[in-house]
Amino acid sequence: MPESATSARAAAAGPLSGVLVADFSRVLAGPYATMLLADLGADVVKVEGPNGDDTRSWMPPVRGEVSTYYLGINRGKRSIALDLRDEADAGIARELARRADVLIENFKPGGLAKYGLDFDAVRRDNPGVIYTSITGFGSGPGRHVPGYDLMVQAISGLMSLTGDPDGPPYRAGISVFDVMAGNHATIGVLAALRHRDATGEGQLVEVNLLSSALTGLVNHSSAFVASGAVPYRMGNAHPSVFPYEPLPTADNDLIVTAANDGQFRKLCEVLGIPQVADDPRFARNSDRTANREQLRPLLVEQLVERGAGEWFELLVEAGVPSGPINTIEGGFAMAERFELEPVVTVGEGERAVPTTRHPIRFSASPAAYRLPPPELDEHGDELRKWLSSPEEQDRG
């Protein structure tokens, strides 16, 4: 390995220091997973085609001339551009796979076999590899169906739950199942690494967006699986809890989530209507849910006397969960207020990029932000030199 690459791995901090990840993924689910691994100390080599990751061209918005979408999920990685249709480049890719602790890909099932980069081929030369495959609909009968988050939001049933009862279905505001699948892939990698530590055995880890979606629908999935009930759109209301939705105030709507009897009593006390908590129609959550149309106007009548910000302070002080409906800007401002330090800077000088902090905090091995999102093939020369040289015995 060249000195710069060796130094990068030696200097890596975090619980995954020394783990080499070959990242053959594109767009969101895979790159999000590998970014999380990089934050935790893994050495991630991002393999891109000659034209680069699709998200490089997903703009606006941009920072300078670079897509902010790309910037948001690719910090901490080194980039090498390889044309897998070229045998020399494919050979370099296979050598990277042979040396890797973890390989992550999101090609269509079987798409890497013609390059000798499928699980069976990689495992022959690297039996300890954690080979992680992210697909849309699995490696069985759904293998040929393209996996895009919007498709999965529709197919899984999420869109049938999103929107007003009398309106059309809506997608979530983010690619929620891509992100969820990326998190599941990360969990799978970490569990498989733990298994390898104990047994020396690598394995295939498979994640698909539809399965991530169905488990991510949690209570709605359980309603159907356990009782046969098919949930439906309720706007911002909750099918099993009330109040658990936005309610109007003197200026803006306020989210009020009094999810148990104690919280509801405190809510009524703050609103100046303690007697409502003793009303038999509203005594228990099941009663409040069944009689929400009678309870809602009683709450709104009081809430419209003050603004959302004032109610937020009063309710939270009393132990009643609530919150204003912010823009993204407001969300970051709230995180700053709570000293969560939501923004960190990765890189230096002209390459410095503000980015969202890793969501997990460690007392002994914190996340680190060592490299800015790479330019296409930025590290190609050093990686080609390393992969063309005899492998160093540097894994311990």
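Residues numbered from 1 in each chain as written. Predicted model: local features only at pLDDT ≥ 70, side-chain atom pairs only at ≥ 80, totals over all residues. Heavy atoms only, no water.

**Q** Residues and numbers for the sheet that holds strand S11 (residues 322-324), please.
**A** Strand order in the open sheet formed by three strands is S9-S10-S11, and the pairing between neighbours is antiparallel. Lying at the two open borders of the sheet, with one neighbouring strand each, are strand S9 (244-247) and S11. Direction aside, neighbouring strands of the sheet carry axes that sit 20° apart on average. (Pairing = 2+ DSSP bridges. Helix = DSSP H or I, 4+ residues; strand = E, 2+ residues; numbered from the N terminus. Axes fitted to C-alpha atoms, helices over the stretch in contact; angles between N-to-C directions.)

**Q** How would you summarise the packing of helix H7 (residues 176-199) against helix H8 (residues 209-216) if you had to cite specific residues and measurements?
**A** Taken N-terminus to C-terminus, the directions of H7 and H8 make an angle of 95°; their axes are 9 Å apart at the nearest point. With respect to each other, H7 and H8 are oriented roughly perpendicular. Counting all contacts with H7, which are made through Phe177, Asp178, Met180, Ala181 and His184, the residues of H8 involved are Leu209, Ser212, Ala213, Thr215 and Gly216. Residue composition of the contact of H7 with H8, grouped by class: five nonpolar, four polar and one charged. (Parallel < 35°, antiparallel > 145°, perpendicular 65-115°, else oblique. Contact = heavy atoms within 4.5 Å. Nonpolar A, V, L, I, M, F, W, Y, C, P; charged D, E, K, R; others polar.)

**Q** Break down the pairing of strand S10 (residues 254-257) for me, citing the residues and quoting the values.
**A** Two strands pair when backbone bridges link them, and S9 and S10 are joined in this way by four bridges, in the antiparallel orientation. Considered in S10, the bridge of Glu245 is made with Val256. If you look at the hairpin formed by S9 and S10, you'll find six residues sitting between the two strands. Two strands pair when backbone bridges link them, and S10 and S11 are joined in this way by three bridges, in the antiparallel orientation. Considered in S11, the bridge of Leu254 is made with Pro324.

**Q** Run through the sheet that holds strand S7 (residues 130-135), naming residues and quoting values.
**A** A sheet is described by the order of its strands in space; here six strands give the open sequence S5-S2-S1-S6-S7-S8, paired in parallel fashion. Both outer strands of the open sheet, strand S5 (77-81) and strand S8 (203-208), are each paired with one neighbouring strand and no more. Geometrically, the sheet is characterised by an average inter-axis angle of 20° between neighbouring strands, direction not taken into account. Inspection of the sheet shows strand S1 (residues 20-24) paired to strand S2 (residues 43-48) by four bridges, in the parallel sense. Across the sheet, residue Val21 finds its bridge partner in S2, namely Val44. Strands in contact with helix H2 (residues 29-39) are S1, S2, S5, strand S6 (102-105) and S7; relative to S1, the strand with the most contacts, it is inclined by about 165°.

**Q** Residue-level account of the packing of helix H10 (residues 261-271) against helix H12 (residues 292-303), with values.
**A** Contact pair H10 / H12: the axes reach a minimum separation of 10 Å and the direction vectors enclose 40°. The orientation of H10 relative to H12 falls into the category oblique. Touching Phe264, Leu267 and Leu271 of H10 are Leu295, Leu299, Gln302 and Leu303, all from H12.

**Q** Before we move on, can you summarise unusual backbone geometry with the specific residues and values?
**A** Met59 connects to Pro60 through a cis peptide bond whose omega is 0°. Its location among the elements puts Pro60 in the loop between S2 and strand S3 (62-63). Of note, the amide linkage connecting Phe242 to Pro243 takes the cis form, showing an omega dihedral of -5°. Residue position: Pro243 is located in the loop between helix H9 (218-227) and S9. One non-glycine residue, Glu341, lies in positive phi territory at about 45°. In this structure, Glu341 sits in the loop between helix H14 (328-337) and strand S12 (343-346).

**Q** Residue-level account of the side chain of Asp287, with values.
**A** By secondary structure assignment, the location of Asp287 is in helix H11 (residues 285-290). You can call Asp287 buried: its relative accessible area is 16%. Sequence-distant contacts of Asp287, defined by excluding residues within four places in its chain, comprise Pro280, Arg281 and Phe282. (Buried < 20%, exposed > 50% of the residue type's maximum accessible area, 1.4 Å probe, protein only.)

**Q** With reference to specific residues and values, describe the packing of aromatic side chains.
**A** One pair of aromatic rings is described through two measures. These are the centre distance and the angle between the planes. Following the criterion strictly, the structure yields two aromatic pairs and no others. Consider the rings of Trp58 and Tyr69, whose centres lie 5.1 Å apart with planes at 90°: the pair is edge-to-face. Here the residue Trp58 occupies a position in the loop between S2 and S3, and Tyr69 occupies one in helix H3 (residues 68-71), the gap between them amounting to 11 residues. Taking the relative accessible area as the measure of exposure, Trp58 reaches 36% and is therefore partly exposed. (Phe/Tyr/Trp six-rings, centres within 6.5 Å; stacked < 30°, edge-to-face > 60°.)

**Q** Give a detailed account of the side chain of Asn74, specifying residues and quantitative values.
**A** Summarising the element assignment, Asn74 is placed in the loop between H3 and S5. A polar atom in the side chain of Asn74 sits 3.0 Å from the side chain of Lys46. At 3.0 Å, the side chain of Asn74 and the side chain of Lys77 are in polar contact. Apart from residues lying up to four places away in sequence, Asn74 is in contact with Pro31, Met35, Lys46, Thr55, Pro373 and Pro374. (Polar contact = N/O pair within 3.5 Å; in protein donor to acceptor, adjacent residues only side chain to side chain.)

**Q** Go over helix H13 (residues 308-318), please, and point to the residues and values.
**A** Of all the positions in H13, only Ala308, Trp311, Phe312 and Leu315 are classed as buried. For H13, the angular spread of the buried residues around the axis is 105°, confining them to a single face. (Arc of directions from axis to C-beta.)

**Q** Requested: an account of the confidence of the model for the protein, with residues and values cited.
**A** For the protein, per-residue confidence averages 93 on the pLDDT scale, and residues scoring 70 or more make up 96% of the total. The low-confidence segment residues 1-11 (pLDDT under 50) makes 17 contacts with residues lying over four places distant or belonging to another chain. (pLDDT = per-residue confidence, 0-100.)

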